[in-house]
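Spelled out, the chains give:
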Amino acid sequence: MVTSFGQSAPVRYEEATKLPLAKLQEARKTLREFFDAWDGYCRRAEVGFEPSMSEMGVLTWVARIRPSVRDTDMERKLRYVVNDVRTALDNLVHEIGMHVGADEKVLFNNAFPVVAETDSWRKAVKDRLSQLPQPVVDRIRDVQPFARPRRGPFPKHPLALLSDLDNANKHRDSFQVGLVPNPGQIRQLSSISFQLPVELAATITAMQHSEEQVDEMIKFLPGLGPVHDGDPVFEIRLPNGISPPTLEISPLDLPLSLAAVYDQERSGHFPIRPVIIDAYEYVRDTVLYVAGLDTKPPRPAELAQEAINWPR
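Keep in mind it's a predicted model, so treat the numbers as computed, not measured.

A. The arrangement of the nonpolar core in detail. Judged by nonpolar contacts, the single largest core of 65 residues is most densely connected at F49, L78 and L258. With 10 residues, helix α2 (residues 74-99) is the largest single contributor of residues to this core. Other than its neighbours up to four places away in sequence, L258 contacts F34, W38, V69, M74, V177, G178, L179, P271 and I272.

B. How the structure looks around the side chain of D278. Considering the arrangement of structural elements, one finds D278 in helix α10 (residues 272-290). Within the structure, D278 has its side chain in polar contact with the side chain of R150 (distance 2.7 Å). Engagement of the side chain of D278 in a polar contact is seen with the backbone nitrogen of A301, the distance being 3.2 Å. Contacts of D278, omitting those with residues within four sequence positions, involve R150, P158, P300, A301 and L303.

C. Spatial organisation of the packing of aromatic side chains. Under the definition given, this model contains four aromatic pairs. Centre to centre, the rings of F34 and F35 are 5.6 Å apart; their planes meet at 55°, and the pair counts as tilted. When sorted by exposure, F34 lands in the same class as F35, which is buried. For R273, the ring lying beneath its charged end belongs to F35, and the centroid distance is 4.5 Å.

D. View of the confidence of the model for the protein. For the protein, per-residue confidence averages 80 on the pLDDT scale, and residues scoring 70 or more make up 72% of the total. Taking the mean pLDDT of every element in the protein, the minimum, 50, falls on helix α7 (residues 183-188) and the maximum, 98, on helix α5 (residues 134-142).

E. Here's a closer look at the packing of helix α1 (residues 18-44) against α10. For the pair α1 and α10, interaxial distance at closest approach is 11 Å and the crossing angle is 170°. Overall, the two elements α1 and α10 adopt an arrangement that is roughly antiparallel. For the pair α1 and α10, the crossing hand works out as left-handed. Facing P20, L21, L24, R28, L31, F34, F35, W38 and D39 of α1, the residues of α10 in contact are I272, R273, I276, I277, Y280, V283, R284, V287 and L288. Of the residues in the contact of α1 with α10, the class split is 14 nonpolar, no polar and four charged.

F. Here's a closer look at the pairing of strand β6 (residues 256-261). Of all six residues in β6, six are buried, a share of seventy percent or more. Here β6 shows no split at all, with L256, L258 and A260 on one side and S257, A259 and V261 on the other all buried. Bridging between strand β3 (residues 176-181) and β6 involves six bridges; their strand directions are antiparallel. For G178, the partnering residue across the bridge sits in β6 and is A259.

G. Geometry of unusual backbone geometry. The residue after R66, namely P67, is reached through a cis peptide bond having omega -5°. With respect to the element layout, P67 can be found in the loop between β2 (58-66) and α2. Here the phi dihedral of Q131 falls at roughly 65°; this positive angle occurs in a residue that is not glycine. In this fold, Q131 is placed in the loop between α4 (121-128) and α5.

H. Just the pairing of β2, in detail. Across the nine residues of β2, seven count as buried, placing the element largely inside the fold. Pairing between β2 and strand β5 (residues 232-237): five bridges, direction antiparallel. Its bridge partner being in β5, V62 is matched across the sheet by P232.

I. Highlighting the environment of V81. Mapped onto the fold, V81 is located in helix α2. On the accessibility criterion, V81 (1% relative accessible area) is buried. As for V81 and L24, which are separated by 57 residues in sequence, their C-alpha atoms are 8.6 Å apart. The residues touching V81, leaving out its near neighbours within four places in the chain, are A27, T30, L31 and I276.

Rules and cut-offs
Residues numbered from 1 in each chain as written. Predicted model: local features only at pLDDT ≥ 70, side-chain atom pairs only at ≥ 80, totals over all residues. Heavy atoms only, no water. Core = buried A, V, L, I, M, F, W, Y, C linked by side-chain atoms within 4.5 Å. Buried < 20%, exposed > 50% of the residue type's maximum accessible area, 1.4 Å probe, protein only. Helix = DSSP H or I, 4+ residues; strand = E, 2+ residues; numbered from the N terminus. Contact = heavy atoms within 4.5 Å. Polar contact = N/O pair within 3.5 Å; in protein donor to acceptor, adjacent residues only side chain to side chain. Phe/Tyr/Trp six-rings, centres within 6.5 Å; stacked < 30°, edge-to-face > 60°. Lys NZ or Arg CZ within 6 Å of the ring centre and 35° of its normal. pLDDT = per-residue confidence, 0-100. Axes fitted to C-alpha atoms, helices over the stretch in contact; angles between N-to-C directions. Parallel < 35°, antiparallel > 145°, perpendicular 65-115°, else oblique. Left-handed = near helix turned anticlockwise from the far one by under 90°. Nonpolar A, V, L, I, M, F, W, Y, C, P; charged D, E, K, R; others polar. Pairing = 2+ DSSP bridges.

Structure below.
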């Protein structure tokens, strides 16, 4: 096909989008069920952090979370969403391959690659995009994490995050949905104040001049993993030689968000709702763009913002 300006119009593989868009429609339905389950859990859940003080002068706050997220089917629904959204991309590559008459063995081996580094792209094309038209390969390149990065480092590019979740989804023990604090909320714990007897004030103030001593005195305990009922989450150790004063200690105010935790170093604390919506929309727009039904490649949403503003 030639336009009035003498340039070939991009080939549209509309037929090849039927299967991946159907898969995405299934994911959208399950995603709604997932959010309904989360909203229902939020309405009935009791979440708090109860304080206690030991004879050794350690203040500890313990999580009280009832019912447990593990008692719901949210994790199962999220696994279905991840699988369907990732499969839609592979379906697209397979359907376009069939449309252009790729060999059966090639069709079996081809898949939609997710490439983080430019240097790895050529190998990915050879291994996963064999016999596809060059314009299709170019459009798949356009949507890769190395070609369309987020401006901020967190969360990861939607395709990279989706690939991580999909890989973890194949190993049930390495993928879980749970409640985690946001990093900014953890940092805010350092502002906790107590009414202490005046004779202790000089000692406490002196300790604040040493970062090592303060780090030893104040600890956030769960790391990056989910918080479960009964977990100690935060403790403050009073200076050696000081008896625990008589204090009225309030419960800890530490809002939690639902997150998909699959690797403590990579998954972080970003709430799953905006992340999975972004991944779904990015894949949907990728399908339309790669098939030639849209002229502009999608861009990842800029989700990085202050933790206090993150959706819960």
